[in-house]
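Observations on the three-dimensional arrangement
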Amino acid sequence: MKIDINDKFKEECGIVGILSKKKFNLSSMMFYSLNALQHRGQESCGITYSDGEKLICEKDMGLVSEVFSKDNHKEAIGFSAIGHVRYSTYGESTITNAQPILDDYTYGQIALAHNGNLTNAAIIKKHLTESGFKFNTATDSEVILKLIQKKYDSSIEKTLKLVANHITGGYAVVILTKDSLYAMRDTNGIRPLCIGKFNDGYIVCSESCALDIVGGEFIRDVYPGEIIKISKDGIETINSIKNPSCHTCAFEYIYFARQDSVIDGISVYKSRLKAGELLYKECPADGDIVVGIPDSGIAAALGYSKASSIPYETGFVRNNFIGRTFISPLQNKREEALTAKLNVIKGNVQGKRVIVVDDSIVRGTTCKKIISLLKEAGAKEIHFRLASPIIKSPCYLGINTKCKKELIGSSMSVEEINDYIGANSLGYISIEGLLTCLRKETACLKCFK
Ligand code: SF4
């Protein structure tokens with residue numbers, strides 16, 4: 001068994017779709033946009049593009065920069081493409097399960113890239129298998145593709161509406177045919193998906209940072225339950241729901257998304273900054289400095305510092321080049337790897353009362369180690385603050401979480417967690433406080449309950 005050294009919820013894939021009126025070299029646009037979503041999945045990546053006649057798929061294990069710099073990589077010349085970066089939440093991390101998935105049906109080729117998890121995939125797959133469908137991958141994404149074939153009713157547009165009525169869960173999907181690009185989002189809008197514009201066409205992607213990087217202009221988010229068709233004629237909504245309510249995954253703002261992204265109208269950076277400010281109001285601490293854990297704890301720490309007028313100080317330097325290192329699950333090896341990844345700036349914390357701000361606690365092992373590193377460096381007091389509410393339950397909507405018993409917040413009180421991690425005090429933002437930061441009446445908050 002291999003495990004990631006990070007004691008965090010895991011990202012859950014990133015998707016991109018591009019369609020242009022003119023044929024052009026899609027490779028560089030797909031490369032940069034997928035590369036901007038690399039934080040959402042680092043196991044495998046791929047693109048499928050249309051040259052106007054047929055769909056061509058290229059995918060492999062590894063990072064975008066590794067896969068698309070290989071000698072055998074061919075330029076993708078065409079009108080449209082979809083792309084995917086994968087972190088496996090359903091099905092093993094293998095090349096067979098890499099996306100996009102391309103299938104050839106009686107009515108033509110179709111490719112799909114998917115972010116999220118279908119909660120009824122197993123039952124649909126069982127029915128499809130019983131009616132003779134053969135699956136080539138172990139992903140729930142292929143369930144959508146096979147369901148399209150099973151439900152096909154005179155046009156893809158009609159069929160996608162039927163399919164959307166059958167699948168449940170949190171998902172954002174891009175689908176490519178020879179001449180059109182489709183995008184769909186689950187009825188609660190759990191997983192993000194936005195639309196942008198460039199010179200001759202449109203781009204759809206998981207986060208706005210992926211369209212910024214290619215000079216795209218943000219148009220809007222895909223609405224919950226909406227299905228859009230993008231073709232040479234422009235954008236058309238082919239399915240929508242009345243008064244959609246957007247329950248975006250709160251963890252997109254807390255940890256997953258890049259802080260330069262704007263999701264469902266909320267700046268990820270500003271939401272983290274605000275969370276830090278509210279954290280101070282809800283859980284004040286006396287200290288000499290505020291320190292953020294890189295990378296996603298930094299903005300919240302700046303917010304805490306701003307609200308408290310306690311100076312922000314850099315306490316840790318992160319070595320990003322160890323980010324994909326997978327190591328033995330033995331606890332001592334995990335701790336060794338964390339030390340290699342995060343180093344304390346001793347001179348900045350020695351003799352100080354340090355308020356540490358991080359995004360979340362999952363098992364508690366990482367913050368226990370962070371606290372011991374700070375103690376070794378001579379910190380006088382350590383007050384740990386979290387910009388997420390207590391995580392109590394696993395997620396079934398596209399995030400790879402631990403089982404309930406591995407979530408420290410599911411079985412221990414705040415006092416018990418504090419004793420376990422060895423801090424002088426511990427505080428979490430409340431669920432109400434988090435919603436205030438998101439300026440939202442609704443968000444998915446299931447893992448905090
Ligand atoms: S349960 Fe938690 S991690 Fe899962 S979608 Fe909801 S907020 Fe996000």
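Everything here concerns the structure above.
Note that the structure is predicted; figures quoted are calculated from it, not measured. (Residues numbered from 1 in each chain as written. Predicted model: local features only at pLDDT ≥ 70, side-chain atom pairs only at ≥ 80, totals over all residues. Heavy atoms only, no water.)

A closer look at the overall build of the protein
Tallying secondary structure elements over the protein gives 15 helices and 23 strands in all. Scaling as 2.2 N^0.38, a compact globule of 449 residues should have a C-alpha radius of gyration of about 22 Å, and the protein matches this with 22 Å. Along the first, second and third principal axes, the C-alpha atoms of the protein reach 70 × 50 × 45 Å. Burial status across the protein gives 60% buried among its 449 residues. Intrachain contacts of the protein at a sequence separation of at least 6 include 70% that bridge at least 24 residues. For the protein, the exposed surface amounts to about 18100 Å²; the carbon and sulfur share of it is 50%. The averaged location of the 51 negative side-chain charges in the protein is 2 Å from the averaged location of its 56 positive side-chain charges. (Helix = DSSP H or I, 4+ residues; strand = E, 2+ residues; numbered from the N terminus. Rg over C-alpha atoms; globule rule 2.2 N^0.38 Å. Buried < 20%, exposed > 50% of the residue type's maximum accessible area, 1.4 Å probe, protein only. Contact = heavy atoms within 4.5 Å. Areas by Shrake-Rupley, 256 points an atom, 1.4 Å probe, with all protein chains shown as cover. Lys, Arg positive; Asp, Glu negative; His and termini not counted. Charge placed at Lys NZ, Arg CZ, Asp CG, Glu CD.)

Quick word on the sheet that holds strand β5 (residues 77-86)
What the seven strands build is an open sheet, ordered β4-β3-β5-β2-β11-β10-β12; its pairing is antiparallel. With partners counted over all chains shown, the strands left at the sheet margins are β4 (55-61) and β12 (217-221), one partner each. Strand-to-strand, the axes of this sheet are offset by a mean angle of 20 degrees, without reference to chain direction. Bridge count between strand β10 (residues 194-198) and strand β11 (residues 201-205): five bridges; the pairing is antiparallel. Bridge pairing in β11 links Ile195 to Val204. Strands β2 (14-25), β3 (44-50), β5, β10 and β11 of the sheet are contacted by helix α1 (residues 27-36), whose axis makes an angle of about 160 degrees with β2. (Pairing = 2+ DSSP bridges. Axes fitted to C-alpha atoms, helices over the stretch in contact; angles between N-to-C directions.)

Focus: the packing of aromatic side chains
Counted under the stated rule, the structure contains eight aromatic pairs. The interplanar angle of 50 degrees and the centroid separation of 6.2 Å between the aromatic rings of Phe24 and Phe198 together place this pair among those described as tilted. Separated by 174 residues along the polypeptide, Phe24 in strand β2 and Phe198 in strand β10 bring together distant segments of the chain. Here the aromatic cluster, defined as three or more aromatic residues joined through ring pairs, consists of Phe251, Tyr255, Phe256 and Phe448. Directly above the aromatic system of Tyr420 lies the positively charged group of Lys368, at a separation of 4.4 Å from the ring centroid. (Phe/Tyr/Trp six-rings, centres within 6.5 Å; stacked < 30°, edge-to-face > 60°. Lys NZ or Arg CZ within 6 Å of the ring centre and 35° of its normal.)

Focus: the environment of Thr248
Tracing the sequence through the fold places Thr248 in the loop between β14 (234-239) and α7 (250-256). You can call Thr248 buried: its relative accessible area is 0%. For the pair Thr248 and Ile263, spaced 15 residues apart in the sequence, the C-alpha separation amounts to 8.4 Å. In this structure Thr248 touches Arg185, Asn188, Gly189, Ile190, Tyr253, Ile263, Asp264, Lys440, Ala443 and Cys444, once residues within four positions along its chain are discounted.

Quick look at the pairing of β2
When β2 meets β5, the two strands line up antiparallel, connected through eight bridges. Bridge pairing in β5 places Phe24 opposite Gly78. Relative to β11, β2 runs antiparallel, the two sharing five bridges. By the bridge assignment for β11, Ser20 is matched with Gly201.

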